[in-house]
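Report on the structure
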Amino acid sequence: MVIEITSLSHTFNGSHEALLNIPRLTLGNRSFVSIVGSSGSGKSTLLRIIAGLLSPTAGHVSLDGHSPQQKRDAGELAFIFQSPTLLPWRTAMQNIVLPCELQGGRLSRRQQDVHGLLSLVGLSEDDTRKRPAQLSGGMQMRVSLARSLITRPELMLMDEPFAALDDILRIQLQDEVRRIHCEQKIASVLVTHNIREAVAMSDRVLVLGDKPAQITTDVTVALPAERDSDVRRSREFQGIVNQVTDALYQVV
Ligand code: ADP
Ligand code: MG
């Protein structure tokens, strides 16, 4: 999926000061793009506009030539947020299939596809019979990931999805989401304030400067597709982290 952003700007509550000002930006096309910026810079707002959850004050976003709302209604967008937002009274499996139920069965998956999905996100059959309260935070995140992938999305939109997790789990899930992105060829957009996370997961990192938020730096992450621990420890990785850090210091 190709995301095209044109003359986008946004203000809240009729304020004269623009929060966002993005003349032109093309994302997606099966790549993994991260947007980094300081807290309050407008990252979530930008992602919500791309997702069609918020209408911009001016300009527009098109996803393969369609409106974000159309793509969302067709089940082609997946959202992954910091909180897994699972329904506590449903089992993990009942949570995972919820989007299919909401689409009136139009997007139903065959049993074997669901099995494939569980192994993709690292859940056992046993886990899927439990309710959210019986699962650890990491497992809840995997259930949330499976639920967002069940409609076979073409675009994954992530807003600081791992911010509440401990370091080890965080790195594990970063690697797994990157692997899923590569295997399933899903275009991915991640917003985060974590520079190492952005570099580890992406093919491209955009730096968002404040007031109004605009893309000040566009860094290509020229690292091997598979980001194992050797890649994370490499001089090249650290070089790109430094480059993004310097760009962020210039805008805050
Ligand atoms: P980030 O995700 O980068 O931390 P946000 O996009 O959440 O930043 O917010 C950017 C700015 O817009 C902040 O100053 C925030 O207070 C303001 N903002 C966000 N949502 C709203 C809203 N619904 N109404 C008014 N102001 C908002
Ligand atoms: Mg945010």
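Quick caveat: nothing in here was measured; it's all calculated off a predicted structure.

Helix and strand counts for the chain stand at 11 helices and 9 strands. Taking 18 Å as the expected radius of gyration for a compact globule of 252 residues, we find that the chain reaches 18 Å, a close match to that expectation. C-alpha extents for the chain along the principal axes are approximately 50 × 45 × 30 Å. The 252 residues of the chain split such that 51% are buried.

Let us look at the environment of Val 177. The residue Val 177 is located in helix α8 (residues 167-184) in this model. Sequence separation of Val 177 and Leu 25 is 152 residues, and the distance between their C-alpha atoms is 24 Å. Excluding residues within four positions of it along the chain, Val 177 makes contact with Phe 32, Leu 145, Met 156, Met 158, Phe 162 and Met 201.

Read from one edge of the open sheet, 3 strands run β2-β1-β4, paired in antiparallel fashion. Looking at which strands have only one partner, the edges of the open sheet turn out to be β2 (20-28) and β4 (58-63). For this sheet the average axis-to-axis angle between neighbouring strands, irrespective of direction, equals 10 degrees. Pairing of strand β1 (residues 2-10) with β2 involves 8 bridges; the strand directions are antiparallel. Each residue of the ladder has a partner; that of Thr 6, found in β2, is Arg 24.

What follows concerns the nonpolar core. Considering soluble globular proteins, one finds that nonpolar side chains tend to be buried as a cluster. Formed by 31 residues in total, the largest nonpolar core has its most connected members in Ile 96, Leu 149, Met 156 and Val 177. Where this core is concerned, the elements lending two or more residues are β5 (77-81), α3 (92-96), α5 (111-121), α7 (137-149), β6 (155-159) and α8. In terms of nonpolar packing, the next biggest core, distinct from the first, is built from 28 residues, Leu 8, Val 61, Leu 63 and Ala 213 among them.

Partitioning the chain into structural domains gives domain 1 (2-76 + 155-251) and domain 2 (85-152). Averaged C-alpha coordinates put domain 1 and domain 2 at centres separated by 25 Å. Contacts between domain 1 and domain 2 engage 17 residues on the former and 12 residues on the latter. Counting across the interface, domain 1 meets domain 2 through 1 salt bridge.

Below, the discussion takes up the site of ligand 1. Close to ligand 1 lie Phe 12, Asn 13, Leu 19, Ser 38, Ser 39, Gly 40, Ser 41, Gly 42, Lys 43, Ser 44 and Thr 45, which account for all nearby residues. Within the contact set of ligand 1, an oxygen atom lies 3.2 Å away from a backbone nitrogen or oxygen of Ser 41. For ligand 1, an oxygen atom lies 3.0 Å from a polar atom in the backbone of Gly 42. Across the complex, the protein chains shield 57% of the 560 Å² of accessible surface that ligand 1 would expose by itself.

Our focus in this paragraph is the side chain of Lys 71. Structurally, Lys 71 can be placed in helix α2 (residues 68-73). Residue classification places Lys 71 among the buried residues on the basis of a relative accessible area of 9%.

This part covers helix α1 (residues 43-50). α1 sits mainly inside the fold: 6 of its 8 residues count as buried. Listing the buried residues of α1 in full gives Lys 43, Thr 45, Leu 46, Leu 47, Ile 49 and Ile 50.

Rules used throughout
Residues numbered from 1 in each chain as written. Chains lettered and ligands numbered in written order. Predicted model: local features only at pLDDT ≥ 70, side-chain atom pairs only at ≥ 80, totals over all residues. Heavy atoms only, no water. Helix = DSSP H or I, 4+ residues; strand = E, 2+ residues; numbered from the N terminus. Rg over C-alpha atoms; globule rule 2.2 N^0.38 Å. Buried < 20%, exposed > 50% of the residue type's maximum accessible area, 1.4 Å probe, protein only. Contact = heavy atoms within 4.5 Å. Pairing = 2+ DSSP bridges. Axes fitted to C-alpha atoms, helices over the stretch in contact; angles between N-to-C directions. Core = buried A, V, L, I, M, F, W, Y, C linked by side-chain atoms within 4.5 Å. Domains from an automatic or database assignment. Salt bridge = Lys/Arg side-chain N within 4 Å of Asp/Glu carboxyl O. Near = heavy atom within 4 Å. Polar contact = N/O pair within 3.5 Å; in protein donor to acceptor, adjacent residues only side chain to side chain. Areas by Shrake-Rupley, 256 points an atom, 1.4 Å probe, with all protein chains shown as cover.

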